[in-house]
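Residue-level listing of the chains:
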Amino acid sequence: MSRCLKDDQIRKALDDELVDVRFSEAQMERVLKRAQHVPWWELELRIPWSVAAAVILLIAAIPIAGWLHLDWAEGQPSVLAQREAKKDSLIAMGGGLYLESELLEGWRDSDD
């Protein structure tokens, strides 16, 4: 029981000290209205470090993978580059494009 009285005395002393610092009813309502209507762009987002690190690695890996793939693809000449080098003609057949020299490759040897 004595503890209850002591708590009440502390609470009353604290209320007496903070009487000058308290908000009025109008101020409390204004603060509560502002706190309830936070625009979506002002919301705080918490992103875990592991997710942020994974996203950064992914963003860095995409150009590197593209560069490696591009470097590998440069070693093989395209069909058009082969055609210009050999002065072959392109033949469209069965939904695909073929070089004339590739189509006649086995036939020229059998004519001899």
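Each value, and the rule that gives it
- Residues numbered from 1 in each chain as written.
- Predicted model: local features only at pLDDT ≥ 70, side-chain atom pairs only at ≥ 80, totals over all residues.
- Heavy atoms only, no water.
- Helix = DSSP H or I, 4+ residues; strand = E, 2+ residues; numbered from the N terminus.
- Expected span 1.5 Å × (residues − 1).
- Buried < 20%, exposed > 50% of the residue type's maximum accessible area, 1.4 Å probe, protein only.
- Salt bridge = Lys/Arg side-chain N within 4 Å of Asp/Glu carboxyl O.
- pLDDT = per-residue confidence, 0-100.

Moving on, we get to helix α2 (residues 25-36). Here α2 spans 17 Å end to end across 12 residues, near enough to the 16 Å set by a 1.5 Å rise per residue. Along α2, only 0 of the 12 residues are buried, which leaves the element largely exposed.

Evaluated as defined, the whole model comprises 2 salt bridges. Close ionic contact of Lys12 with Asp16 constitutes a salt bridge, the shortest N to O distance being 3.7 Å. Here Asp16 and Lys12 lie together in helix α1 (residues 2-17), a separation of 4 residues that amounts to about one turn. For Lys12, a relative accessible area of 52% translates into the label exposed. Close ionic contact of Arg46 with Glu44 constitutes a salt bridge, the shortest N to O distance being 3.2 Å. Arg46 sits in the exposed class, given a relative accessible area of 72%. Assessed through its relative accessible area of 61%, Glu44 is described here as exposed.

Here we come to the confidence of the model for the protein chain. For the protein chain, per-residue confidence averages 78 on the pLDDT scale, and 76% of positions sit at 70 or higher. Element-level pLDDT for the protein chain is lowest in helix α4 (residues 79-86), with a mean of 64, against a maximum mean of 85 in α2.

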